[in-house]
Amino acid sequence: ILSAEIIVITLGIVAGSPLPTRLALRVGIALLMTVGVYGLVAGIVKLDDLGIALSRHGGARATVGRALLVIAPWLMKFLSIAGTAAMFLVGGGILSHNIPWLHHLSESFGAALAGVPAIGAALAAIGPTLFDAVVGLAAGFVVVAILSLGKKLFARPPAPAGGH
């Protein structure tokens, strides 16, 4: 979803540019996203392998390797939670920025929060992000409900006992 958000934002910026410029930008983004994002993910996934390899050496390398082996599961847990939250935020942002009535509602929500005494400015700054999170969660619940209903409607009957 984050990749889609980056592409949507970039294409919006260059919408009036000539076709070769838009195509070159798409290819450039695709390459950067593939190498950068997936390269980073591959590095994180292999972090424990690096920890094992380093721990087989002596001295400081072994200490770093053991530290990586301790940190890797915690990092993966954090990234799973942060990644899920980011998907809801970005997905909600895509929806709320591209559906006019949701966009208007988001702006109204931020403006309403600005009126809170003492902390209104801070609330107004984070208000649209909170709104995007709620929109993302709501969209997620709708998708899960539709998929669950579809699974129940189109479920295969259980196979008869005995395997015949």
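Nothing here was measured: the structure is a model prediction, and the numbers come from that model.

**Q** Residue-level account of the overall build of the chain, with values.
**A** Per the secondary structure count, the chain includes 6 helices and 0 strands. When its helices and strands are written in sequence order, the chain yields α-α-α-α-α-α. Since a compact globule built from 164 residues should have a radius of gyration of about 15 Å, the 23 Å found for the chain marks it as more spread out than a globular shape. Dimensions along the principal axes, computed over C-alpha positions, put the chain at roughly 60 × 60 × 50 Å. Across the chain, contacts joining residues at least 24 apart in sequence account for 47% of those joining residues at least 6 apart.

**Q** Please give an account of a nonpolar patch on the surface that cites residues and values.
**A** Taken together, Val37, Tyr38, Val41, Val45, Met76, Phe78 and Leu79 make up a surface patch of nonpolar side chains, about 630 Å² in accessible area. For the nonpolar patch, the elements supplying multiple residues, two or more each, are helix H2 (19–45) and helix H4 (59–98). Per-element accounting of the nonpolar patch gives the leading share, 4 residues, to H2. Summarising the element assignment, Val41 is placed in helix H2.

**Q** Can you lay out the environment of Ile44 for me, pointing to particular residues and giving the numbers?
**A** Here Ile44 lies in helix H2. Take Ile44: its relative accessible area is 23%, and that puts it in the partly exposed class. Along the sequence, Ile44 and Ala72 sit 28 residues apart, while their C-alpha atoms lie 8.1 Å from each other. When near neighbours in sequence (up to four residues on either side) are disregarded, Ile44 contacts Leu75, Met76 and Leu79.

**Q** Tell me what's going on with helix H3 (residues 47–55), and back it up with residues and numbers.
**A** For an α-helix the count is 3.6 residues per turn, leaving residues at separations of three or four pointing the same way. Within the sequence span of H3, burial applies to Leu47, Gly51 and Leu54. Burial along H3 is one-sided: seen end-on, the buried residues are contained in an arc of 70°. Residues of H3 that are buried sit in contact with H2 and H4.

**Q** Kindly report on the side chain of Ser106, identifying the contributing residues and their values.
**A** Within the secondary structure, Ser106 is located in helix H5 (residues 100–114). Filtering out sequence-adjacent residues up to four positions away, Ser106 remains in contact with Pro128 and Phe131.

**Q** Tell me what's going on with the packing of H5 against helix H6 (residues 120–153), and back it up with residues and numbers.
**A** Running from N to C, H5 and H6 cross one another at 150°; their axes reach a closest spacing of 7 Å. Here H5 lies roughly antiparallel to H6, going by the angle between them. Our pair here, H5 against H6, has a crossing hand that is right-handed. Side by side, H5 and H6 meet where Leu102, Leu105, Ser106, Phe109, Gly110, Leu113 and Ala114 of the first sit next to Gly120, Ala121, Leu123, Ala124, Gly127, Pro128, Phe131 and Val135 of the second.

Scoring rules and cut-offs
Residues numbered from 1 in each chain as written. Predicted model: local features only at pLDDT ≥ 70, side-chain atom pairs only at ≥ 80, totals over all residues. Heavy atoms only, no water. Helix = DSSP H or I, 4+ residues; strand = E, 2+ residues; numbered from the N terminus. Rg over C-alpha atoms; globule rule 2.2 N^0.38 Å. Contact = heavy atoms within 4.5 Å. Patch = residues over 30% accessible without salt bridge, like charges linked within 9 Å, V, L, I, M, F, W, Y side chains within 5 Å. Areas by Shrake-Rupley, 256 points an atom, 1.4 Å probe, with all protein chains shown as cover. Salt bridge = Lys/Arg side-chain N within 4 Å of Asp/Glu carboxyl O. Buried < 20%, exposed > 50% of the residue type's maximum accessible area, 1.4 Å probe, protein only. Arc of directions from axis to C-beta. Axes fitted to C-alpha atoms, helices over the stretch in contact; angles between N-to-C directions. Parallel < 35°, antiparallel > 145°, perpendicular 65-115°, else oblique. Left-handed = near helix turned anticlockwise from the far one by under 90°.

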